[in-house]
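Here are the chains, one letter per residue:
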Amino acid sequence: MNKKQTKFILLDPHRCIACWECVDVCPKQVIGKVQILWHKHIVFKDADACIGCKKCIKTCKQQVFAEK
């Protein structure tokens, strides 16, 4: 399982500021949270479920996501 890309989207977790807006907007619950003390960012928890709607790209102001 790849936690940094789906068939449609690439992810740069180092840019993530843990606002979690992308988690809330994803219709297939593809995006998950990593919350370990000061280590907070997102990952793709179910990359195969991604349908390529690009809501994560449109929502993220930190440019964490990129289209493949």
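Because the structure is predicted, anything quoted here is derived from the model rather than measured. (Residues numbered from 1 in each chain as written. Predicted model: local features only at pLDDT ≥ 70, side-chain atom pairs only at ≥ 80, totals over all residues. Heavy atoms only, no water.)

Asker: With reference to specific residues and values, describe the pairing of strand E2 (residues 31–36).
Answerer: Residues in a regular strand point their side chains to alternate faces of the sheet. Summarising the sheet, E2 and strand E3 (residues 39–44) pair through six bridges and their orientation is antiparallel. Its bridge partner lying in E3, Ile 31 is registered against Phe 44. Between E2 and the antiparallel strand that follows it, E3, lie two residues; Leu 37 among them carries a positive phi value of about 50°. (Pairing = 2+ DSSP bridges. Helix = DSSP H or I, 4+ residues; strand = E, 2+ residues; numbered from the N terminus.)

Asker: I'd love a proper account of unusual backbone geometry, names of residues and values included.
Answerer: For Trp 20, which is not a glycine, the phi torsion comes out positive at approximately 70°. Tracing the backbone shows Trp 20 in the loop between strand E1 (9–11) and helix H1 (21–25). With phi around 55°, Gln 63 is a residue other than glycine that occupies positive phi space. Its place among the elements puts Gln 63 in the loop between helix H2 (55–59) and strand E4 (65–67).

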